[in-house]
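Report on the structure
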Amino acid sequence: MILYSFRRCPWAMRARLALRYAGCAVQVCEVAMKNKPAELLALSPKGTVPVLATADGVLEESLDIMRWALAQNDPQDWRLQADPAAAQHAEALIARNDSVFKAQVNLYKYAERYPEHSREHYRQQAEPWLAELEGLLEGRPYLLAGHPSLADAALLPLMRQFAGVEPQWFAEAAYPRVRSWLQGWLASELFKAVMAK
């Protein structure tokens, strides 16, 4: 089983997290995005990562890969099967992360490419999302339960990217729970393992 990946890509990152957590025996093939291997393009002509080649077929979307991995093995109930309402909430959070917040991070990170507004303006557009996550983390270490879920792992890479744009601002911003949640993930053995060179 081969995962075509790019180490710093947030989508590949979350696919690796789920595969590692589920204990899937997978060979990670690091892709140079300017020189994509023919094998990757043969499996997935769009040429983006992650792509997982399994015995059952090819998965080309990070969320599909995450769900596939959790269907193999989910020891901590990342799928929140014990709480269907929370599982539904997870889907809604991931959908917003992957659409609205993704666009906001892109504008914020590459503000010089979008001179219609300042970087500060783009950051402020994203702050209601941070405030919402801050509220979800009240009284618990993870977004929707006392343990990690698919939502935590799926949201983590983009939040890491957001935090890295202006680290000083993020370190002092009024979102201590989001900061603690992110730092906890980044310090975890699971995250360190999937980010090892």
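Counting from 1, residues in each chain are numbered in the order their sequence is written. Selection of residues for local features in this predicted model requires a pLDDT of at least 70, selection of side-chain atom pairs for listing and counting requires 80 or more, and totals for whole chains, interfaces and linings are taken over all residues. Hydrogens are left out, water is left out, and the side-chain values use all remaining heavy atoms of the structure.

As annotated in an unreviewed UniProt entry, the protein chain carries the name Glutathione S-transferase and comes from Pseudomonas urmiensis.

Brief notes about helix α4 (residues 84-109)
Here a helix means four or more residues in a row that DSSP labels H or I, a strand means two or more in a row labelled E, and each is numbered from the N terminus. The span you would expect from a helix comes to 1.5 Å times its residue count less one. The terminal C-alpha atoms of α4 lie 35 Å apart, and with 26 residues this matches the ideal 38 Å at 1.5 Å per residue to within 8%. Three labels apply to residues, based on accessible area from a 1.4 Å probe with only protein chains included: buried if under 20% of the type maximum, exposed if over 50%, partly exposed otherwise in between. Along α4, the residues that are buried comprise A86, A90, L93, I94, N97, F101, Q104, V105 and Y108. Every residue pair with non-hydrogen atoms within 4.5 Å of one another is taken to be in contact. Each element contacted by the buried residues of α4 is listed here: α1 (10-21), α3 (62-72), α5 (119-136), α6 (150-165) and α7 (167-172).

Thoughts on the packing of α6 against helix α8 (residues 176-186)
Axis definition: a line fitted to C-alpha atoms, over the contacting stretch in the case of helices. Angles run 0 to 180 degrees between N-to-C directions. It is the contact of α6 with α8, at a shortest axis distance of 10 Å, that shows an interaxial angle of 105 degrees. As judged from the angle between their axes, α6 and α8 are roughly perpendicular. Side by side, α6 and α8 meet where D152, A153, L155, L156, M159, R160 and A163 of the first sit next to V178, W181, L182, W185 and L186 of the second. Put simply, angles under 35 degrees are roughly parallel, angles over 145 are roughly antiparallel, angles from 65 to 115 are roughly perpendicular, and the rest are oblique.

A word on the sheet that holds strand β2 (residues 27-30)
The mixed open sheet is built from 4 strands, whose spatial order is β2-β1-β3-β4. Strands at the two margins of the open sheet, each flanked by one partner only, are β2 and β4 (57-59). The average undirected angle you get between the axes of adjacent strands in this sheet is 20 degrees. For two strands to be treated as a pair, DSSP must find no fewer than two bridges joining them. Here strand β3 (residues 51-54) runs beside β4; their pairing, made up of 3 bridges, is antiparallel. In the strand pairing of β4, T54 is matched with G57. Contacts between α1 and the sheet are confined to β1 (2-5), β2 and β3, with β1 contributing the most and set at about 150 degrees to the helix. Across the sheet, α3 touches β1, β3 and β4, and the angle it forms with β3 is around 40 degrees.

Considering the packing of aromatic side chains
In this description, an aromatic ring pair is defined by two values, namely the gap between the centres and the angle between the planes. Centres within 6.5 Å make a pair out of two Phe, Tyr or Trp rings, where for Trp the six-membered ring is used; the pair is then stacked when the planes are under 30 degrees apart, edge-to-face when over 60, and tilted otherwise. On inspection of all chains with the given rule, the structure shows 8 aromatic pairs. A centroid spacing of 3.8 Å and a plane angle of 5 degrees characterise the contact between Y21 and W78, whose relative ring orientation is stacked. Of the two residues, Y21 sits in helix α1 while W78 sits in the loop between α3 and α4, which places them 57 residues apart along the sequence. The same class applies to Y21 as to W78, namely buried.

Observations concerning the environment of D98
You can see D98 is positioned in helix α4. For D98, a relative accessible area of 22% corresponds to the partly exposed category. Expressed as a C-alpha distance, the spacing of D98 and G23, which sit 75 residues apart in the sequence, is 25 Å. Setting aside its immediate chain neighbours within four residues, D98 contacts W11, R14 and L63. We call two N or O atoms a polar contact when they sit within 3.5 Å, provided that within protein one can donate a hydrogen and the other can accept it, with sequence-adjacent residues counted only if both atoms are side-chain atoms. At 2.8 Å, the side chain of D98 forms a polar contact with the side chain of N97.

Some points on the pattern of salt bridges
Any Lys or Arg side-chain nitrogen located within 4 Å of an Asp or Glu carboxyl oxygen qualifies as a salt bridge. Here the structure, examined in full by the defined rule, presents 8 salt bridges. Its salt-bridge partner being R79, residue D74 comes within 3.2 Å of it at the nearest N-O pair. Residue R177 pairs with E134 through a salt bridge whose shortest N-O separation is 3.8 Å. Here the residue R177 occupies a position in helix α8, and E134 occupies one in helix α5, the gap between them amounting to 43 residues. A residue is classified by how much of its surface remains accessible, and E134, at 8% relative accessible area, is buried.

Re the environment of P128
Mapped onto the secondary structure, P128 falls in helix α5. The exposure class assigned to P128 is exposed, which follows from its relative accessible area of 53%. As for P128 and S188, which are separated by 60 residues in sequence, their C-alpha atoms are 27 Å apart.

Comments concerning the environment of L136
By the secondary structure assignment, L136 is in helix α5. Of the residues examined, L136 reaches a relative accessible area of 14% and is grouped as buried. Taking the C-alpha atoms as reference points, L136 and V178, 42 residues apart in sequence, are found 9.3 Å from one another. Beyond its immediate chain neighbours, meaning those up to four positions away, L136 contacts H89, L93, Y142, L143 and L144.

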